[in-house]
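Descriptive structure summary
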Amino acid sequence: MKPEAMARRHIDALLVQAGWTVQEWPSFNLAASRGVAVSEFPLAGGTPDYLLFVDRKAVGVVEAKAEGHTLSGVSEQSAAYAASAPPQVPQVQQPLPFVYESTGIETFFRDLRDPDSRSRRVFAFHRPETMADWLSQPDTLRARLKAMPPLALEGLRDCQIEALQGLEGSLAHGRPRALIQMATGSGKTYAAVTSVYRLAKFAGAKRVLFLVDRGNLGRQTLREFQGYEAPDDGRKFTELYTVQRLTSSTLDAASKVCISTIQRLYSMLRGEEIDEELEEVSGFELDAEEQAPRLVAYNSALPIETFDVVIVDECHRSIYNLWRQVLEYFDAFLIGLTATPSKQTLGFFHNNLVSEYGHERAVADGVNVDYDVYRIRTQVTEGGSRVEAGHYVDKRDKMTRQQRWELLDEDLEYGASQLDRDVVAPDQIRTIIRTFRDRLFQEIFPGRSEVPKTLVFAKDDSHAEDIVHIIREEFGQGNDFCKKITYKTTGDKPDDLIAALRNNYYPRIAVTVDMISTGTDIKPLECLLFLRDVKSRVYFEQMKGRGTRTILPDDFQSVTPDAKAKTHFVIVDAVGVCETLKGDGKPLERKRTVPFDRLLQLVALGQRDEDTLSSLASRLARLDQKMSEADRQDVQEAAGGLRLGEIVNDLLDALDPDVQTERAQALYRVEEPSDEQRRQAAAELAEHATRPFDEPTLRETLVAVQRRSEQTIDTVTQDVLLAAGYDAGAKERAQALVSSFRQFIEENKDELAALQILYSRPYGQRQLTYAHVKELARAIERPPYSLTAEALWQAYEQLEAARVRGAGPQKLLTNLVSLLRYALGQTETLEPFPTVVQERYEAWLAGQRVAGREFTPEQIAWLEMIRDHVAASLAVTLEDFEYAPFYEKGGVMRAYRLFGEELTGLVEQMNEVLAA
């Protein structure tokens, strides 16, 4: 058989698999099926190998070539055939839109209706039904991608905006693959969901596949889709479109988004069932270099056009070796999401990196936190050990874990690499855990009293089991304190354990192998303990990423009460994992022993070396995480309007080789700057970045803010009791505080807006705002007064107990209003502001009922929410109804339906009655 005839045989089989009936000229029957491929059909411009008919009309051509023939030059020939169908042949348009070139091994496809249409490699032929669907649409997907409306920027981080705009630019140019690099915790998945929403709504994408490499990441992704609110609609994504997380081999025909592990997708293409345990093993667990690639064949139940877009989350090396054919099966745009791209990743995505946002930038922007490395070294960890013959040792079956004793008849010598694989040395694990325990509150997290949320990385499930028992013993804690979370965990479901680690006080420590080493979002984590080495640079960076995520202080304190804010995390390296060069990433902090004020002085004196600037950037980024809003304003004012994040970014720009090169190109107007030109550009960037620190006011403000935001914990000095008894001077101190407060009022009554309003305006015009009270609180806290509302309240309680009611545990800023009115003699009793508001509310509500106005239970619930908002914020506006807790009850639209046209007047009335 001639090579071209052999190719035709392969092509016939491919066409039949895709639902085409193959016939020969002239004995054809266009009614035989919906799609008919007629071979050797004569046209005006020649005879194509196949003329394709759908619903009795010609739609395209296939030009066949022998196996091994290069196809790029054949496209002109097939396009000429597509343009030469004579009028007597029924056809959908001129030229025919769909053009293929194929050897039976390699196939290219082009839709001539696309803007700037070009051929693309496809795994097989498209189905006739698909072509009919395409022809029913007014334009093609690629045409619609060029006409996408501008991105709505509200609610998106700068890095997400950059990623989305870069991706949509790539799609508009028809580039088949794009890679988004965003640091862990910076919102990759949210950006991806935003992209899917826009592709579905504005580009008419039929279906999107979201691929993950582990089951719990699929469940996490589903929650992201369920929580996403359309910015232009307000409804949830899952209210608008069907999202299916694949747990079987059946694809929901109505699904707009399918979430699947790559393992399950492979089994579906193969027509095989999958062991669900395999879905919980990450691709990082598989040694991609030693396993054969997963090969697939055409599956009519999942034709190549099933998905328009395939998003590959946490893409890494195993995908491109083991699963590459699975990814390339579909005729779809491929979008990769990663925090840690390797050279292989970049190559697979055609070096089309549409967004680049690394860990350092994320730290500068407050999206990530930086990290420190704490090293623990032991003799057995680094060198193994030797047990002489004649000693008894335990023997444990790896599968059943049954143990027995055995007398050694020869010496047992083992190296570090055999630990926890062939030989288990419990005291090696115990020594590391004991050291971690003993140094935890003195050196690793000094001054803390509660074990920070910690994730321990073990070598395998058996190693994890040993670690769990030793941690519980050494910390003297119960089972809830430390949990194993692996795909072999029994009892509690792994997802429930992960949720508890994320949201609950217990467990404090979790031990895992691979299950939560990548992708899983556990924001409260502050410590990563490595008891295993990692060969892969990408995998190591992913594991580090578990600690980088930021968390709001209130959410953080709900699981770790003795912490104020998450400013950094610590890698406790017990195996030297950080000492082998895994990549470019290393901590920004490199001068831990240099005090903050000294570091600022060094920069002001002209020190510009990389370690100094990097360490300063790290300190400032950490300070930014724990500053109050008032401190942030003070720093910005001292910096001449610059935000602290901008200063940190300028410092990182000065250290960034790419920015240095760009600056050198601009300075010297050359394409390839010399090393000297780069050094000069770097020096200029460093001078620009450090210029704000020339101002002593900024340095002093930063040091003052840092001292306000942290305490020194003296764990060395032992105190001695000198005396005990009632303090005779307590009343004198209380009197001094009250006098100081009155002096403050007198000295500032003409300057501070809150005092002006309460001191001199008529009663009906005393309309305080929350901003006025914040300004007042900041003013009394500053020297020389150094007062707080809590201290003043306690002072009045000591002096005038009969006229003062306790402020309670809530530290509300609005209590300052009560203090001021009492100090000015406007009230006879000192009551917490919420109490005053509650009493006024009850009186107002009683008056409404006397006037004949009755409220429904739902209206009462809204009135109580308004009351509580006024108690905490002094006023309520209609705009506030778009936020919690009002939004959860239907927002401003629901309020209008409940109260009608009276709503605006009602809000104004309650503001006046409750807060005046």
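Residues D158, E162, E356, D365, D658 and E662 make up a contiguous surface patch of negative charge. Contributing elements (two or more residues each) for the negative patch: α5 (158-172) and α24 (657-668). Assignment of secondary structure puts D365 in the loop between α13 (359-364) and β15 (370-375).

We now examine helix α20 (residues 596-604). The periodicity of an α-helix, 3.6 residues per turn, causes residues three or four positions apart to be oriented the same way. Looking only at α20, the buried set comprises F596, L599, L600, L602 and V603. The buried residues of α20 all sit within an arc of 160 degrees when viewed along its axis, so they share a single face. Trailing α20 by a residue or two, G606 shows a phi angle of about 110 degrees, which is positive.

Attention now goes to the pairing of strand β23 (residues 527-530). Of the two faces of β23, both are covered, the one formed by C527 and L529 as well as the one formed by L528 and F530. The pairing of strand β20 (residues 454-457) with β23 spans 4 bridges and is classified as parallel. Paired with T454 across the two strands is C527, which belongs to β23. For β23 and strand β24 (residues 568-573), the ladder comprises 4 bridges, and the chain directions are parallel. Note that in β24 the partner of L529 across the bridge is V572.

Our focus in this paragraph is the sheet that holds β24. Judged by pairing direction, the sheet is parallel, and its 6 strands sit side by side in the order β15-β24-β23-β20-β22-β21 without closing on themselves. The sheet is open, and its two edges are formed by β15 and β21 (482-484), each paired on a single side. Across the sheet, the mean angle separating the axes of adjacent strands is 20 degrees when strand polarity is ignored.

So, about the confidence of the model for the protein. Caution applies to low-pLDDT parts of the model: their predicted coordinates are not meant to be read in detail. For the protein, per-residue confidence averages 84 on the pLDDT scale, and 89% of positions sit at 70 or higher. Note on residues 711-728: pLDDT under 50 across the span, and 2 contacts to partners over four residues away in sequence or across chains. Here residues 761-766 is a poorly scored stretch, pLDDT under 50, and it has 9 contacts once near neighbours within four places are set aside; other chains count.

Criteria and cut-off values
- Residues numbered from 1 in each chain as written.
- Predicted model: local features only at pLDDT ≥ 70, side-chain atom pairs only at ≥ 80, totals over all residues.
- Heavy atoms only, no water.
- Patch = residues over 30% accessible without salt bridge, like charges linked within 9 Å, V, L, I, M, F, W, Y side chains within 5 Å.
- Areas by Shrake-Rupley, 256 points an atom, 1.4 Å probe, with all protein chains shown as cover.
- Salt bridge = Lys/Arg side-chain N within 4 Å of Asp/Glu carboxyl O.
- Lys, Arg positive; Asp, Glu negative; His and termini not counted.
- Charge placed at Lys NZ, Arg CZ, Asp CG, Glu CD.
- Helix = DSSP H or I, 4+ residues; strand = E, 2+ residues; numbered from the N terminus.
- Buried < 20%, exposed > 50% of the residue type's maximum accessible area, 1.4 Å probe, protein only.
- Arc of directions from axis to C-beta.
- Pairing = 2+ DSSP bridges.
- Axes fitted to C-alpha atoms, helices over the stretch in contact; angles between N-to-C directions.
- pLDDT = per-residue confidence, 0-100.
- Contact = heavy atoms within 4.5 Å.

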